[in-house]
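Residue-level structure breakdown
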Amino acid sequence: MDDFNEILESATKSLPKYQEIEKMLSCVEKQKLPYELFKILKKEADVNMQNDLNIPEDGALFESMKQGMLECAGRTLVASTFFQEHSVDHVAVSAPGHSFLIIEQSEKTLIYFDVNNNLFFTFSRSALKGYEGISTSKECQLKEYAPRKTDFYDGINTTFSHFLAMPAKEAIDRQYLVNVAAALNGNKEFSKSNIQVDKDAAEAVFQIEKEIYGENFVAENFYSKMDNLFESQKLQEENDKRVINKILKEHPTRDEFINFLPTLLSGNAGNRVPYVKNASLEQKNFLQKNFGIYCKKKI
């Protein structure tokens, strides 16, 4: 427990994916690191793995990550460790059933960095209500905003608008321990991880987390609402599928969709893609070109 963070950091840096990233980005200037890392670490950039039943599928614990499996917690751990090593200011984020990063690109600009959902975009710091910087745990809400001419996005996916931002080192340590406890508890995402269920040990891991980092009342308050947030997110995703199916039936061709796009984004559906809802038509070109791929993934 005295050097848990150092052990976690060392184990992360020993991962093949981390070492690959260090090698590929060794000559990249600091300002460009977030986007270059995004392109390497995003899920759709993964080389197709053979369906080996012996590989744990959780993508969050080291036995799984060493063999190339990465899910949101694993990608967040790798990215955050890399950014800490290279002094890129950021916070790690916990959302309903998900984790990602918010990066400080400049005094006025933040980056939404969600490699597991293949989504990267810049936005005004003023649009993130509650956010107080990289050293403070805060419950945050991403509000509707007008993208600036300098803002950029890559990828098409819905966003999480309500989440917990936490100092990176504390956040990834806590997230890893929570996943260890979940595995010991027998949660279904760890069913193929070859970890014996031990609920007493799971409870002990939570105690270890508290002894290392103490109480975080902001985090505890956020997690107390997690069931409701998760249910709300689930309902929203089901609604996304209904909306997409309706659009595909009523506007089946690319040209028909492009003509319908401004109407679609002006409504509630636009809140799910805030980086383009109020953007110029020129900025929406990427969405138009890739909407078909996005729809197939959602349905």
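Refer to the structure printed above.
Residues numbered from 1 in each chain as written. Predicted model: local features only at pLDDT ≥ 70, side-chain atom pairs only at ≥ 80, totals over all residues. Heavy atoms only, no water.

This part takes up the pattern of salt bridges. The final tally for this structure, using the stated rule, is 17 salt bridges. In this structure, the salt-bridge partner of K42 is E44, at a minimum N-O distance of 3.2 Å. By relative accessible area, K42 is classed as buried at 12%. With a shortest N-O distance of 3.6 Å, E132 and K138 are connected by a salt bridge. Overall, K138 belongs to the partly exposed group, its relative accessible area being 26%. Linked through salt bridges whose partners overlap, the residues forming this network are E9, K13 and E85. (Salt bridge = Lys/Arg side-chain N within 4 Å of Asp/Glu carboxyl O. Buried < 20%, exposed > 50% of the residue type's maximum accessible area, 1.4 Å probe, protein only.)

Moving on to the sheet that holds strand β4 (residues 119-124). If you trace the eight strands from one edge of the open sheet to the other, you get β5-β6-β8-β1-β2-β3-β4-β7, paired in antiparallel fashion. Every other strand in the sheet has two partners, leaving β5 (128-129) and β7 (153-154) as the edge strands with one partner each. Bridging between strand β3 (residues 109-114) and β4 involves six bridges; their strand directions are antiparallel. Paired with T109 across the two strands is S124, which belongs to β4. Strands β1 (90-95), β6 (138-142) and β8 (162-167) of the sheet are contacted by helix α8 (residues 217-224), whose axis makes an angle of about 155° with β8. (Pairing = 2+ DSSP bridges. Helix = DSSP H or I, 4+ residues; strand = E, 2+ residues; numbered from the N terminus. Contact = heavy atoms within 4.5 Å. Axes fitted to C-alpha atoms, helices over the stretch in contact; angles between N-to-C directions.)

With that out of the way, let us pick up helix α1 (residues 4-13). Within α1, burial applies to F4, N5, L8 and T12. Taken down its axis, α1 places every buried residue within 100° of arc, on the same side. For α1, the secondary structure elements touched by its buried residues are α2 (16-24), α4 (62-65), α5 (72-85), α6 (168-185) and α7 (199-213). (Arc of directions from axis to C-beta.)

Before going further, it helps to spend a moment on unusual backbone geometry. The backbone of S87 sits at a positive phi, close to 55°, despite the residue not being glycine. With respect to the element layout, S87 can be found in the loop between α5 and β1. Overall, S87 belongs to the partly exposed group, its relative accessible area being 47%. Positive phi is not limited to glycine here, since N118 has a value of about 55°. The residue N118 is located in the loop between β3 and β4 in this model.

For the rest of this paragraph, the subject is the packing of aromatic side chains. A complete count under the given rule lists 20 aromatic pairs for this structure. Taking the centre distance of 5.4 Å and the plane angle of 45° together, the rings of F38 and F120 count as tilted. In this pair, F38 is assigned in helix α3 (residues 33-41) and F120 in strand β4, connecting sequence segments 82 residues apart. Taken individually, F38 and F120 each receive the classification buried, so the pair is uniform in this respect. Ring-pair connections join several aromatic residues into one group, and the members of that group are F100, Y112, F121, F123, Y145, Y153, F160, F163 and Y275. (Phe/Tyr/Trp six-rings, centres within 6.5 Å; stacked < 30°, edge-to-face > 60°.)

Here the focus is the packing of α3 against α5. Describing two packed helices takes the angle between their axes plus the distance from one axis to the other. It is at 12 Å that the axes of α3 and α5 come closest, and there the two elements cross at 150°. As far as their axial angle goes, α5 and α3 are roughly antiparallel. Between α3 and α5 the crossing geometry is right-handed. Residues L33, P34, L37 and L41 of α3 pack against R75, V78, A79, F82 and F83 of α5. Per-class residue counts for the contact of α3 with α5 are eight nonpolar, no polar and one charged. (Parallel < 35°, antiparallel > 145°, perpendicular 65-115°, else oblique. Left-handed = near helix turned anticlockwise from the far one by under 90°. Nonpolar A, V, L, I, M, F, W, Y, C, P; charged D, E, K, R; others polar.)

Now for the side chain of T12. By the secondary structure assignment, T12 is in helix α1. Of the residues examined, T12 reaches a relative accessible area of 0% and is grouped as buried.

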